[in-house]
Amino acid sequence: MAIRPSWNDRFGPYLLSLLILGLFLFVWEAATRSPRFDAKGKTEDQLTTMEFNGDVVKDAAGHYIWNPDKVKGIPGPMKVFEKARTELGEAFVKKGTNDHGIGFLVWYTIKRFMSGFLAGSIVAILLGVLIGLSKPLFIAFNPFIQVLKPISPLAWMPLLLYSVKDPFWTAILVVFMASLWPTVANTAFGVNSIRKDYLHVAALLEMSYLRRLFTVVLPAAAPAIIAGLRISFGSALVAVVPAEMLLGELGAGYLTWIEWNNLDISGVIFAILVVGFVGYALDYAFGRLAALFTYTEV
Amino acid sequence: MSFLKVDHVSKQYPVLDDKAKKGESFVVFRDVTFEIRKGEFLTMIGHSGCGKSTLLNIIAGFDQSSTGGVILEGREITKPGIDRMVVFQSFALMPWLTAFDNVRIAVRQAHPDWSPEQIHDWTQKYINMMNLHGAERKRPAFLSGGMRQRVGLARAFAVEPKVLLLDEPFAQIDALTRGGIQEELVRMWNATRNTVFMVTHDVDEAILLSDRIALMTNGPEAELAEIIDVTIPRPRTRAELIDSPDYVRIRNHILHFLVKGAKKSKHSGKDSPAAPATETKPALQPTP
């Protein structure tokens, strides 16, 4: 008989999540709330100057209050929420060459990320299998991989920009570089450490090179390859945002920088959140895909 | 002409110890010679370390002999091939394939000219013969040890190899399940009459299944001590076996050898009851 989890067990954690969110928003709001403007002790001249500078405005009753449109400290959650509503409301509106709706920006980032990551992964898996299948090649290539692996993908950017002379392709290549090495290293390792039994069976059955590769080697190394792809995925995702910022390519990462240039801090916070959600969505999709290729070891 | 001939096979490894003299080597076994007739079931018994699994690997082609060689139907064995299927102690099933597909890829390799339907039907036949019906779509991780080895046996038999090599095939299966599979193996072997070389620790298993049993002395420098005929008529079942006087005699003989003889002959072998023998000794001396 299956035991039904209690209401607490099932929904408790989610309730706690909501509670944490609520608490966070409350603290954020409390910390960023500015005190009411106090006109006492200020001369008429001072107030006029402040009004002229845009620090304060007169409300409907004729009292001075802080100008809500002037940037002052970190904006509270309500401001960011307001900003998000406007942005999401015009998600698919293009206002100019560099002012595309958030929907477009996210789409550009995903496209850029996917093309760089896919190309990088294909090259990395091929290279990894090639190296992993032969012990001498594995030993020979290993030092190069070890040196190339820790280089930040952004470090390649000036060289790439100089070589291809095009920011669009440079951004994709940065993602490509970011997704290369972890997959190469893991694939080579995975192929190199396949259980001998499987190779023995392949040898007994007199499988051809290609058949052995596709029916035994790649499936057996799949968990290691997926683990490598997962690391690559993370580093590529981290690389895509600064690549867009530095190259000025339209995307979710670029939005962060544009909003900073506009001195719109609510916009910056909104852009950061967008990057987080895009990353989460991509990672989730990848996880579902990866589950298809793993198996339970006997 | 003999079918499978193991001809003066020795296996040694260079000693990698710092103190070892140059050229010194560690001899696992030396000068093992015997023949297996076509359709015969020969089992090799010996303590751990006598190199019986190494010998099986040499016959399979996974390992090379240091001296001597193995000849199958007049040709020397140099590499693994589909004419010698191995049933592994560790099952060696591909965990990403279903039970059915594990057998199917072997059939496909054995018969590259067959249509997919033929391959499918042939696979199904052997799946059914090993009582795996209903488990075809399961992956090895979701099968019990006994079921896994049934898949391993189905894979090996389905190829119809010239020689079947069983490397302690039931060592990882619990005692209760083991009996059932052993009887299935007997049934399968009776139906196909494959030539089988098996390596095991289990004396009862050897007597139940074999035509002849080869006894190895203890390693290192193990030698083939003798080969005994299992005179018990077939078909055999475990239930009948227990009451058979031949069974008791053979079992005692082997156990005596394993407890005493295997050790003694390591030093000399002249006056030992288990002197190295390359021929089949006829019957056993009746126990007093």
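Reading guide: rules and limits
- Residues numbered from 1 in each chain as written.
- Chains lettered and ligands numbered in written order.
- Predicted model: local features only at pLDDT ≥ 70, side-chain atom pairs only at ≥ 80, totals over all residues.
- Heavy atoms only, no water.
- Helix = DSSP H or I, 4+ residues; strand = E, 2+ residues; numbered from the N terminus.
- Buried < 20%, exposed > 50% of the residue type's maximum accessible area, 1.4 Å probe, protein only.
- Contact = heavy atoms within 4.5 Å.
- Areas by Shrake-Rupley, 256 points an atom, 1.4 Å probe, with all protein chains shown as cover.
- Core = buried A, V, L, I, M, F, W, Y, C linked by side-chain atoms within 4.5 Å.
- Buried area = accessible area lost by both parts, 1.4 Å probe.
- Polar contact = N/O pair within 3.5 Å; in protein donor to acceptor, adjacent residues only side chain to side chain.
- Nonpolar A, V, L, I, M, F, W, Y, C, P; charged D, E, K, R; others polar.
- Domains from an automatic or database assignment.
- Salt bridge = Lys/Arg side-chain N within 4 Å of Asp/Glu carboxyl O.
- Axes fitted to C-alpha atoms, helices over the stretch in contact; angles between N-to-C directions.
- Parallel < 35°, antiparallel > 145°, perpendicular 65-115°, else oblique.
- Left-handed = near helix turned anticlockwise from the far one by under 90°.
- Phe/Tyr/Trp six-rings, centres within 6.5 Å; stacked < 30°, edge-to-face > 60°.
- 1 Å grid on protein atoms, 1.4 Å probe; cavity = no way out; pocket = protein on both sides within 12 Å on 5 of 7 lines; lining within 4 Å.
- Points joined across faces, edges and corners; volume = space filled by probe spheres on them.

Turning next to the overall build of chain B. Each helix and strand counted, chain B has eight helices and 10 strands in total. Residues classed as buried in chain B amount to 53% of the 288 residues present. Contacts spanning at least 24 positions in sequence make up 69% of the contacts within chain B whose residues lie at least 6 apart. Here chain B displays about 13,200 Å² of accessible surface, and carbon together with sulfur accounts for 52% of that area.

A few words on the nonpolar core. Counting 151 residues, the largest nonpolar core has B:Phe34, B:Phe197, B:Ile207 and B:Ile254 as its most contacted members. Considering each element in turn, this core owes the most residues, 14 residues, to helix H10 (residues 209–247) of chain A. Not counting chain neighbours up to four residues away, the residues in contact with B:Ile207 comprise B:Ile213, B:Val230, B:Ile232, B:Arg236, B:Leu241, B:Tyr247, B:Ile250, B:Arg251 and B:Ile254. Counting residues in each nonpolar core, the second largest holds five residues, with A:Leu47, A:Met50, A:Val56 and A:Tyr64 among its members.

How big an interface is tends to be reported as the loss of accessible area on association of its parts. With 25 residues of chain B in contact, the opposing surface of chain A contributes 19 residues. Here chain B packs against chain A, burying approximately 2,000 Å² in sum over the two surfaces, 71% of which is carbon and sulfur. The largest share of the area that chain B buries against chain A comes from B:Pro95, B:Trp96 and B:Gln109, three residues that together contribute 30% of it. Viewed at the interface, chain A and chain B are joined by seven residue pairs in polar contact (both at pLDDT 80 or more). Looking at which element gives the most residues to the side of chain B that touches chain A, the answer is helix H2 (residues 99–110) of chain B, with four residues. Partitioned by chemical class, the residues of the side of chain B that touches chain A number 17 nonpolar, three polar and five charged.

Assigned domains of chain A: these are domain 1 (38–70) and domain 2 (94–291). For domain 1 of chain A versus domain 2 of chain A, the distance between C-alpha centres works out to 53 Å.

Residues and elements named next belong to chain B. For the coordinates displayed, the defined rule picks out 22 salt bridges over all chains. The closest approach of N and O atoms between Arg30 and Glu221, which form a salt bridge, is 2.9 Å. With Arg30 in strand S2 (residues 25–36) and Glu221 in the loop between strand S9 (212–216) and strand S10 (224–229), the pair connects residues that are 191 residues apart, well separated along the chain. By relative accessible area, Arg30 is classed as partly exposed at 33%. Residue Glu221 is classed as partly exposed on the basis of its relative accessible area, which comes to 42%. Notably, a salt bridge pairs Glu184 with Arg150, separated by 2.7 Å at the nearest N-O pair. Pair noted here: Glu184 is in helix H5 (residues 175–192) and Arg150 is in helix H4 (residues 145–158), with a separation of 34 residues, a long-range link. Its relative accessible area of 9% is what places Glu184 among the buried residues. In this structure Arg150 comes out as buried when scored by relative accessible area, which is 13%.

With that out of the way, let us pick up the packing of H10(A) against helix H11 (residues 252–261) of chain A. Residues and elements named next belong to chain A. Contact pair H10 / H11: the axes reach a minimum separation of 7 Å and the direction vectors enclose 50°. As the angle between them shows, H10 and H11 are arranged oblique. The interaxial crossing formed by H10 with H11 has right-handed handedness. On the side of H10, the interface is formed by Val241, Glu244 and Met245, while H11 contributes Ala252, Gly253, Tyr254, Thr256 and Trp257. Of the residues in the contact of H10 with H11, the class split is five nonpolar, two polar and one charged.

As for its position among the elements, B:Glu240 is in helix H7 (residues 238–243). In the structure, B:Glu240 is positioned 230 residues away from B:Ser10 in sequence and 39 Å away in space, judged by C-alpha atoms.

All names here are of chain A. All told, the structure shown has 15 aromatic pairs over all chains when counted by the stated rule. Summarising the aromatic geometry, the rings of Phe104 and Tyr108 are spaced 6.3 Å apart at their centres and angled 25° between planes, so their arrangement reads as stacked. With Phe104 and Tyr108 both in helix H4 (residues 102–132), this residue pair falls four residues apart, about one helical turn. Between Phe117 and Phe233, the ring centres sit 5.1 Å apart and the planes meet at 90°, which makes this aromatic pair edge-to-face.

Below, the discussion takes up the layout of surface pockets. In this approach the atoms are scanned with a rolling probe the size of a water molecule, which exposes any empty space left behind. Residue and element names in this part refer to chain A. The volume enclosed by the second largest pocket comes to roughly 590 Å³. In this structure, the second largest pocket is lined by 24 residues; those nearest its centre are Ile125, Ile226, Leu229, Leu289 and Phe293. If you list the elements that add at least two residues to the lining of the second largest pocket, you get H4, H10 and helix H12 (265–291). Considering each element in turn, the lining of the second largest pocket owes the most residues, seven residues, to H10. Looking at the lining of the second largest pocket, its residues break down into 21 nonpolar, two polar and one charged.

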